[in-house]
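# Structural overview
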Amino acid sequence: KSYRVAILGATGAVGTELIELLEHRNFPLSQLKLLASPRSAGQTIPFRGESLTVEAVADGCFKDVDLVLASAGGSTSKQWLPQAVEAGAVAIDNSSAYRMDPQVPLVVPEVNPEAAFDHQGIIANPNCTTILMAVAIYPLHQVQRIRRIVVSTYQSASGAGARAMEELKTQAQAILNGEDATPSVLPYPLAFNLFPHNSPISEGGYCQEEMKMVNETRKIFNEPELAITATCVRVPVLRAHSEAINLEFEQPFSRARACEILSTAPGVVLQENWQSNYFPMPMDADGRDEVLVGRIRQDISHPCGLELWLSGDQIRKGAALNAVQIAELLSRESGDASSPSLSSSSVQR
Ligand code: A2P
């Protein structure tokens, strides 16, 4: 079976990656519709040897679509996805709009693939830093329960979209040239600087990005009480996020055992060279599907603690790849004609 697919937000950083992944992973599609704002209507984008024209999202545009991959921000998803589902499509949404909705599965295929099949038309793709952390720590959590997570992130400009990446480049150049470097996309200069994550401040002084890591990890792991605290920071890296993660388990967890588990964990590459002090870096994670994990250390401050470090491509596994993997899960299941996972019949209105 092949699917009629639409990408909502096709001209953005994640949308661009979605197009490339659908092409290179040979997703079974019979039609690809590229949707964005009216600003981009008429732009052409190559796909499988053809030139596709971007359309402005509009009423009725989902009527011949089976699958929508959305990455155009929360308000755009809220505005258009109910209509897409009503028209019979299944939507995989990259925005935060539906992630904590109890009716909507929040899926990382390496962690909770079964949840993807329990949808009512919309499936949510988690926040990027949450996906990267979940892929790295879930294999350990399965062997021995994690009691508490303390995570600090080092997030690239790509998380704020294609325009933020462009701003970092031009700003770095402007600073080197001694010119004005006033930002217009991000709130503060990112070149040669860093700042606490620019999402709005919410509960107890945590920013929304930090609370996404807390709440989404709990939902994906199906561990509503899991203790998690996060500090999210934007750093002057173009693409790929890094995270320093401290894990406290219920029992001591040896470094050797953790390395053994992570060396065969799905979606993870263990990358450690202690002689040369070489560990995951965003420049090595850039463009890769896997989350690079390393610097696994016994926590000297706690008998049941482990430290680890990771870098992962925010646009790929942190967003577009995870969404395409969810689509692949559904399409594999739909290969069996009796399964309704990627068809309107699974939508209970
Ligand atoms: P456009 O390029 O026409 O503005 P990024 O995350 O890289 O900033 O990309 C955001 C994506 O979401 C772009 O494809 C952008 O299209 C799209 N987008 C933003 N606002 C809307 C909207 N109101 N309706 C449709 N698409 C939108």
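Residues numbered from 1 in each chain as written. Predicted model: local features only at pLDDT ≥ 70, side-chain atom pairs only at ≥ 80, totals over all residues.

## Observations regarding the overall build of the protein chain
Within the protein chain one finds 8 helices and 15 strands. Its C-alpha atoms give the protein chain a radius of gyration of 20 Å, within 12% of the compact-globule value 20 Å for 349 residues. For the protein chain, the proportion of its 349 residues judged to be buried stands at 46%. Residue pairs in contact within the protein chain that sit at least 24 positions apart in sequence constitute 65% of those at least 6 positions apart. (Helix = DSSP H or I, 4+ residues; strand = E, 2+ residues; numbered from the N terminus. Rg over C-alpha atoms; globule rule 2.2 N^0.38 Å. Buried ≥ 20, exposed ≤ 12 C-beta atoms within 10 Å, placed from the backbone. Contact = placed C-beta atoms within 7 Å.)

## Here we look at the domain arrangement of the protein chain
Per the domain assignment, the segments of the protein chain are domain 1 (3-97 + 318-346) and domain 2 (129-314). Split by residue class, the side of domain 1 that touches domain 2 holds 3 nonpolar, 4 polar and no charged. (Domains from an automatic or database assignment. Nonpolar A, V, L, I, M, F, W, Y, C, P; charged D, E, K, R; others polar.)

## Some remarks on the site of the ligand
In the vicinity of the ligand, 18 residues are found, and the nearest of them are Gly 9, Gly 12, Ser 40, Ala 72 and Gly 161. Elements represented by at least two residues in the shell around the ligand include exactly helix H1 (13-24) and helix H4 (162-176). For the shell around the ligand, the element with the most residues is H1, which contributes 3 residues. Each residue belonging to the shell around the ligand can be placed in one class, and the counts come to 7 nonpolar, 9 polar and 2 charged. Residue assignment places the shell around the ligand across two domains, with domain 1 (3-97 + 318-346) and domain 2 (129-314) each supplying three or more. (Near = placed C-beta within 6 Å.)

## Thoughts on the UniProt feature "domain: Semialdehyde dehydrogenase NAD-binding" (unreviewed entry) in the protein chain
Using the residue numbers shown here, the UniProt feature "domain: Semialdehyde dehydrogenase NAD-binding" (unreviewed entry) corresponds to residues 4-119. Helix makes up 22% of residues 4-119 and strand makes up 27%, while its end C-alpha atoms are separated by 19 Å. (UniProt positions renumbered as here; feature names shortened; annotations may be inferred.)

## Quick look at the confidence of the model for the protein chain
Of the residues in the protein chain, 96% have a pLDDT of 70 or more, and the chain-wide mean is 95. The low-confidence segment residues 344-349 (pLDDT under 50) makes 9 contacts with residues lying over four places distant or belonging to another chain. (pLDDT = per-residue confidence, 0-100.)

## A short note on the UniProt feature "binding site: substrate" (unreviewed entry) in the protein chain
Taking the UniProt record as the reference, the feature "binding site: substrate" (unreviewed entry) is found at Gln 155 and Arg 234. Spatial clustering of the annotated residues is evident: they stretch over 80 residues in sequence, but the largest pairwise C-alpha distance comes to 4.6 Å. Within the secondary structure, Gln 155 is located in strand S9 (residues 146-155). Among the residues examined, Gln 155 registers 25 C-beta atoms within 10 Å and is labelled buried. Here Gln 155 is in contact with Thr 129, His 197, Cys 232, Val 233, Arg 234, Val 235 and His 241, once residues within four sequence places are set aside. Of note, Arg 234 is situated in strand S11 (residues 227-234). Apart from the residues lying within four places of it in its own chain, the contact partners of Arg 234 are Gln 155, Leu 190, Leu 194, Phe 195, His 197 and Asn 198.

## Section: the environment of Ile 149
Position of Ile 149 among the secondary structure elements: in strand S9. Overall, the presence of 20 C-beta atoms within 10 Å leaves Ile 149 in the buried class. Linking Ile 149 and Ile 19, residues 130 residues apart in sequence, is a C-alpha distance of 35 Å. Non-local contacts of Ile 149, meaning those with residues more than four positions away in its chain, are made with Ile 228, Ile 245 and Leu 247.

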